[in-house]
Amino acid sequence: MSAPVTVLIAHSQPQVRLIWRAVLSPHCGRYHIKGEAATTDELLHAAACLQPDVVLMDAGIAGKCIAATAQQVRACAANAKLLICWQYCHERLVQQIPGLPVAYLAEDAPPVEMLFAIKELMRGNIYHCRQTERLLSPQCAVNRLPEKYRQLLWCMRQGHTAKDMAMATGLKPSTVRGYVKEIYALIGSRSMGALESFMKKEGML
């Protein structure tokens, strides 16, 4: 049996660190949490002392330059892979980090996706959830959203039903439901935070 993957958890909020522990704990045969950190300094010190296989960290803990922090972590623990979780308020921090095995997950990615991301990292692969792919895609800046989508986004943000949205846009309720499904697929999430983040990126908020 292979040795468990060692993980260092880094987040400023204790309750989030508890949640991450709860995700990994049922799989203690495969993952071993080696330590925790609440600040960047603690993260770098722990990485140097513990030499974890994976650093599970919040994007916000890195401040404005996540790429520089990622390089610092690798300087402290040369073999560490980074799994970076980002909140929608920190989406501007998400950026490509060339040359490093990095995975990115949005805050509402399902727990099983965290396990899958770690597995991919340990194989030497980069992993991005759908919301991260959307953020990093150059096409986002090129393709303007159709006007019907923009109208429906406002309605969705206000919590209107498909029937209300149909009346507001002049579409059939079944057509509205189809468009809403396409919009959620485009966003990569059904959370209000993701929807508002998407609208900000489109210049709507």
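Here the structure is a predicted model, which means the values were calculated and not measured. (Residues numbered from 1 in each chain as written. Predicted model: local features only at pLDDT ≥ 70, side-chain atom pairs only at ≥ 80, totals over all residues. Heavy atoms only, no water.)

Caption draft 1: A look at the sheet that holds strand E2 (residues 31–37). Read across the sheet, six strands follow the order E2-E1-E3-E4-E5-E6 without closing on themselves; strand pairing throughout is parallel. Of all the strands in the sheet, just E2 and strand E6 (127–128) have a single pairing partner and so form its edges. With two bridges connecting them, strand E5 (residues 102–106) and E6 associate as parallel partners. Bridging across to E6, Ala103 finds its partner in Tyr127. Of the strands in this sheet, strand E1 (5–10), E2, strand E3 (54–58) and strand E4 (81–86) touch helix H1 (residues 14–24), which is tilted by about 170° from E2. Across the sheet, helix H2 (residues 40–50) is in contact with E1, E2 and E3; its angle to E1 comes to roughly 165°. (Pairing = 2+ DSSP bridges. Helix = DSSP H or I, 4+ residues; strand = E, 2+ residues; numbered from the N terminus. Contact = heavy atoms within 4.5 Å. Axes fitted to C-alpha atoms, helices over the stretch in contact; angles between N-to-C directions.)

Caption draft 2: Representation of helix H7 (residues 147–157). Of all the residues in H7, the buried ones are Tyr149, Arg150, Leu152, Leu153, Cys155 and Met156. On its buried side, H7 packs onto helix H8 (162–169), helix H9 (173–187) and helix H10 (192–201). Once H7 finishes, Gly159 follows within two positions and takes phi at roughly 80°, a positive value. (Buried < 20%, exposed > 50% of the residue type's maximum accessible area, 1.4 Å probe, protein only.)

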